[in-house]
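# Descriptive analysis of the structure
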Amino acid sequence: EESTTTYYLIRHAEKDRSDKTDRNPHLTEKGLKRAESWANVFKDIKLDAVYSTDYNRTKETALPTAKANNLELKFYDPRKMASKKFLENTKGKNVLVVGHSNTTPMFVNALLGEKKYDMISEDNNANLYIVTITNDSKTSNILVVN
């Protein structure tokens with residue numbers, strides 16, 4: 001039986017960089033606006049799940065889209081990306097995954113089973129990776145959404 005799973009992966013929006021010692025900063029005003037605009041980007045896509053790492057910046061980025069889809073945020077450990085359990089739980093679904101400049105491309109690569117994408121530049125919060133898996137076929141696209 002054929003099933004298609006589509007993963008939408010983004011990096012968190014612009015974070016507050018004013019305190020270099022803060023390991024868990026919140027989003028800036030610009031970042032909060034971007035988080036709202038991500039919800040608008042996904043408005044015509046019926047998402048089944050929204051995953052985020054457990055950091056202020058990723059949760060604040062994911063929340064507007066989760067709310068718009070009446071979904072609770074699900075948390076994942078970026079060190080255990082694309083685990084067998086995650087793949088089983090998301091099979092046949094449309095899933096948004098919010099991560100970081102280093103973990104998001106690694107997650108995409110893990111889903112694809114190949115090293116296709118490099119880390120995201122620190123000043124880039126606009127990449128949208130789309131991975132589609134249908135049976136044994138895997139495709140990916142990257143869009144820049146400003």
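This text gives an overview of the structure that appears in the document. (Residues numbered from 1 in each chain as written. Predicted model: local features only at pLDDT ≥ 70, side-chain atom pairs only at ≥ 80, totals over all residues. Heavy atoms only, no water.)

## Quick notes on the sheet that holds strand β4 (residues 94-99)
What holds strands together in a sheet is hydrogen bonding between their backbones, with the strands either parallel or antiparallel. Taken together, six strands build an open sheet; the order of strands is β3-β2-β4-β1-β5-β6 and the sheet is mixed. Sheet topology places β3 (73-75) and β6 (137-144) at the edges, where each strand pairs with a single neighbour. Here the strands of the sheet are splayed against their neighbours by 25° on average, with no regard to which way each runs. Summarising the sheet, strand β1 (residues 4-11) and strand β5 (residues 127-134) pair through seven bridges and their orientation is antiparallel. Paired with Thr 5 across the bridge in β5 is Ile 133. (Pairing = 2+ DSSP bridges. Helix = DSSP H or I, 4+ residues; strand = E, 2+ residues; numbered from the N terminus. Axes fitted to C-alpha atoms, helices over the stretch in contact; angles between N-to-C directions.)

## With respect to helix α4 (residues 103-112)
Of all ten residues making up α4, eight are buried, and the element is well covered by its neighbours. Among all positions of α4, only Thr 103, Thr 104, Pro 105, Phe 107, Val 108, Asn 109, Leu 111 and Leu 112 are buried. Where α4 is buried, its residues contact β1, α3 (84-90), β4, β5 and β6. At the exit of α4 stands Gly 113, carrying a positive phi of roughly 75°. (Buried < 20%, exposed > 50% of the residue type's maximum accessible area, 1.4 Å probe, protein only. Contact = heavy atoms within 4.5 Å.)

## A word on the pairing of strand β2 (residues 49-52)
Across the two faces of β2 the burial is the same, with Ala 49 and Tyr 51 and Val 50 and Ser 52 all buried. Here four bridges tie β2 to β4, and the two strands are oriented parallel to one another. Of the residues in β4, the one forming a bridge with Val 50 is Leu 96. Pairing of β2 with β3, which is carried by three bridges, proceeds in the parallel orientation. Of the residues in β3, the one forming a bridge with Tyr 51 is Lys 74. Handedness of the β-α-β unit built from β2, helix α2 (residues 56-68) and β3 comes out right-handed. (Right-handed = clockwise from strand over helix to strand, strands pointing away.)

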